[in-house]
Amino acid sequence: MNILYVAPYASEKFRFMHSDVNPPNMGGVRKMELVISSLIQNGHSVVVLSSAMLSISRLAVRSGYCEQIEVEGGGAFQVVYPPALMLRPFGGLVSSFSAARFLRDVTSQYHIDAAIAYNTYLFESLTIKELLAQSSLPVCLEIEDLPLARKRGLLNLKPVFDQLCWHNMLKISSSFLAVNQDIYNILPEDKPKIVLPGVIDQELIEVSEQRNSPFSGTERIVGYFGALNPGKGIEVLFDLVPKLAFPWKLVMTGSGPLAEFCESLSALYPDRFIFYGNVLKTEMIQIMCECDCVVIPKEQITGDGKGVFPFKALEYLVSGSHIISTTLAQQGNLNLSFFQRWDGSLDGLIYNLLCAESDYNVECTLRNSARHAAITKYNMTNVGKDISELLCV
């Protein structure tokens, strides 16, 4: 099957070409790559029509560009980056209203049998609308965030446009991938749908099974591996650093607007905080599996947080590290309630670090059961099969 994946995907090479060296949300890109790899492993061909707008904003037009990206285990996928005005926020809006033309360029070069749309973003929604005007194809809507789930400021109109597309995308899509159970529950009952919080990388499984058991060494490492954005709630980790005492230290990887501050803080407290920056996947997995515990701070999201789910939660679980998390959305039959122990405060985090080793030992059965269930359900082979079935409806 030839699958069109419409998503805000941008490779590291493409970002580097445009000097976008500190992107704010690489977790989303990582999940896209794992979804694509799972489809390729199941025998499909994938072409990506990218809606990505770079974090570098300037009054310039970037040229269209095509890229082939190799995936682990063999195979590759194509990425089509249309030309775009790089001035935010106008560039994204201009590209969205040119989506139909960009799609026609893609379909003139590639035969498409089915499509996946990443969220009800304006560009993705208008592309799918044009695709279905050309021919009746299966369309799977992948919902990673509800349009209004994140706090983006009153002047940011993008979520408003995305919300306006919500109901029509539910109507014209033939199946759904929901990042959590709460989103799954509000999707149409008469169409196929599954919960997909993430896809587990085979390399992570292999490295985690060779790791040393947490709390078995002389030092204690607490890690964070998400985006370095103010909305992620990681400021509490910066406040933690001066209060960390031996044998504890904090490690971080990632990129985003707070990366420069992380570098400064690491230089100020070199024995308590190590900042690795934006590292390759293999190095990130290795660092994660060296942690005694990992943390999921409280994001700045609207309502009760049911409109999102941090992809890293699954990776943390598989890594074997002890997890200290704030409240997360439900994940269907996967019970992750045992590590949602933190209220998001600095005092609460310090308390949970003091109790970390004893909590880890007590939760052994729950953790092993959840880890096994996650690997069984969300490994790349099974995810690829599940999505394939949705696209064949």
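The rules behind these values
- Residues numbered from 1 in each chain as written.
- Predicted model: local features only at pLDDT ≥ 70, side-chain atom pairs only at ≥ 80, totals over all residues.
- Heavy atoms only, no water.
- Helix = DSSP H or I, 4+ residues; strand = E, 2+ residues; numbered from the N terminus.
- Rg over C-alpha atoms; globule rule 2.2 N^0.38 Å.
- Areas by Shrake-Rupley, 256 points an atom, 1.4 Å probe, with all protein chains shown as cover.
- Lys, Arg positive; Asp, Glu negative; His and termini not counted.
- Charge placed at Lys NZ, Arg CZ, Asp CG, Glu CD.
- Core = buried A, V, L, I, M, F, W, Y, C linked by side-chain atoms within 4.5 Å.
- Buried < 20%, exposed > 50% of the residue type's maximum accessible area, 1.4 Å probe, protein only.
- Contact = heavy atoms within 4.5 Å.
- Polar contact = N/O pair within 3.5 Å; in protein donor to acceptor, adjacent residues only side chain to side chain.
- Salt bridge = Lys/Arg side-chain N within 4 Å of Asp/Glu carboxyl O.
- Pairing = 2+ DSSP bridges.
- Patch = residues over 30% accessible without salt bridge, like charges linked within 9 Å, V, L, I, M, F, W, Y side chains within 5 Å.
- Axes fitted to C-alpha atoms, helices over the stretch in contact; angles between N-to-C directions.
- Phe/Tyr/Trp six-rings, centres within 6.5 Å; stacked < 30°, edge-to-face > 60°.
- Lys NZ or Arg CZ within 6 Å of the ring centre and 35° of its normal.

S.K.: What exactly am I supposed to notice about the overall build of the protein here?
M.R.: When helices and strands are counted, the protein shows 16 helices and 15 strands. At 21 Å, the protein has a C-alpha radius of gyration in line with the 21 Å of a compact globule built from 393 residues. Here the C-alpha coordinates of the protein stretch approximately 60 × 45 × 40 Å along the principal axes. Within the structure as shown, the protein displays about 17,200 Å² of accessible surface, and the carbon and sulfur contribution to it stands at 54%. With 32 positive and 40 negative side-chain charges, the protein shows a spacing of 5 Å between the two charge centroids.

S.K.: Honestly, the nonpolar core in this entry has me stumped. Any pointers?
M.R.: A general feature of soluble globular proteins is that nonpolar side chains tend to end up buried together. Within the largest apolar cluster, 126 residues are counted, with the highest numbers of intra-cluster contacts made by Leu4, Tyr5, Phe77 and Met252. Among the elements that line this core, the one with the most residues is helix H2 (residues 26-41), at seven residues.

S.K.: Is there a simple way to think about the environment of Leu103 in this case?
M.R.: The topology assignment puts Leu103 in helix H4 (residues 99-107). Judged by relative accessible area, which is 0%, Leu103 ranks as buried. Taking the C-alpha atoms as reference points, Leu103 and Phe275, 172 residues apart in sequence, are found 41 Å from one another. In this structure, Leu103 is in contact with Leu4, Leu49, Thr127, Glu130, Leu131 and Gln134, ignoring residues within four places of it in sequence.

S.K.: Quick question: what am I supposed to make of the side chain of Lys193 here?
M.R.: Mapping Lys193 onto the fold places it in strand E10 (residues 193-195). Residue classification places Lys193 among the buried positions, given a relative accessible area of 11%. In this structure the side chain of Lys193 is engaged in a polar contact, spanning 3.0 Å, whose partner is the backbone oxygen of Tyr184. Separated by 3.0 Å, the side chain of Lys193 and the backbone oxygen of Leu187 make a polar contact. Look past the residues within four positions of Lys193 in its chain and what remains in contact with it is Phe176, Tyr184, Leu187, Pro188 and Leu390.

S.K.: What is the right way to look at the pattern of salt bridges in this model?
M.R.: Opposite charge on two side chains lets them pair, provided their charged atoms get close. Applying the stated criterion across every chain yields a total of 16 salt bridges. Put simply, Arg15 and Asp20 hold a salt bridge, and the shortest N to O gap is 2.6 Å. Measuring nitrogen to oxygen at the nearest pair gives 3.8 Å for the salt bridge that ties Asp201 to Arg30. In this pair, Asp201 is assigned in the loop between E10 and helix H8 (202-208) and Arg30 in helix H2, connecting sequence segments 171 residues apart. Classification of Asp201 as buried rests on a relative accessible area of 3%. Taking relative accessible area as the criterion, Arg30 reaches 11% and is therefore assigned buried. It is possible to trace a salt-bridge network through shared partners that takes in Arg30, Glu72, Asp201, Glu203, Lys281, Lys312 and Glu315.

S.K.: Mind showing me how you'd approach the pairing of strand E1 (residues 2-7) here?
M.R.: Within a regular strand, side chains alternate between the sheet's two faces. Extensive coverage of E1 is indicated by the burial of five of its six residues. In terms of strand pairing, E1 meets strand E2 (residues 45-50) through six bridges, oriented parallel. If you follow Ile3 over to E2, its bridge partner there is Val46. Relative to strand E7 (residues 114-118), E1 runs parallel, the two being bridged by four bridges. Bridging across to E7, Tyr5 finds its partner in Ile116.

S.K.: Just checking my understanding: could you explain a nonpolar patch on the surface for this structure?
M.R.: Taken together, Leu93, Phe97, Leu157, Val160, Phe161 and Leu164 make up a surface patch of nonpolar side chains, about 580 Å² in accessible area. Owing to a relative accessible area of 64%, Leu164 belongs among the exposed residues under this scheme.

S.K.: Looking at this model, I keep getting lost on the sheet that holds strand E5 (residues 76-81). Mind explaining?
M.R.: The strands making up a sheet are joined through hydrogen bonds of the backbone, oriented either antiparallel or parallel. One open sheet accounts for eight strands, arranged E4-E5-E2-E1-E7-E8-E9-E10; its pairing is mixed. Edge positions in the sheet fall to strand E4 (65-70) and E10, since each of these pairs with one other strand and no more. Strand-to-strand twist in this sheet, taken as the mean axis angle between neighbours without regard to direction, amounts to 20°. Along the sheet, H4 makes contact with E1, E2 and E5, crossing E2 at roughly 155°. Against the sheet, helix H6 (residues 158-172) contacts E7, strand E8 (139-143) and strand E9 (175-178), and its axis sits at roughly 140° relative to E8.

S.K.: Quick question: what am I supposed to make of the packing of aromatic side chains here?
M.R.: Each pair of aromatic rings is reported with the distance of its centres and the angle of its planes. Tallying each qualifying case throughout the model produces 10 aromatic pairs. Pairwise contacts between aromatic rings join Phe14, Tyr65 and Tyr81 into one cluster. It is Lys158 that lies over the ring of Tyr121; its NZ or CZ is 3.6 Å from the centre. One cation-aromatic arrangement involves Arg367 over Tyr360; the distance from NZ or CZ to the ring centre is 3.7 Å.

S.K.: What exactly am I supposed to notice about the sheet that holds strand E12 (residues 248-252) here?
M.R.: The sheet built from five strands is open, its strands ordered E13-E12-E11-E14-E15 with parallel pairing. Two strands lie at the open edges of the sheet, namely strand E13 (273-275) and strand E15 (322-325), each paired on one side alone. On average, adjacent strands in this sheet sit at an angle of 25° to one another, irrespective of strand direction. For strand E11 (residues 220-224) and strand E14 (residues 293-296), the ladder comprises two bridges, and the chain directions are parallel. In the sheet register, Val222 faces E14, and the bridge partner there is Cys293.

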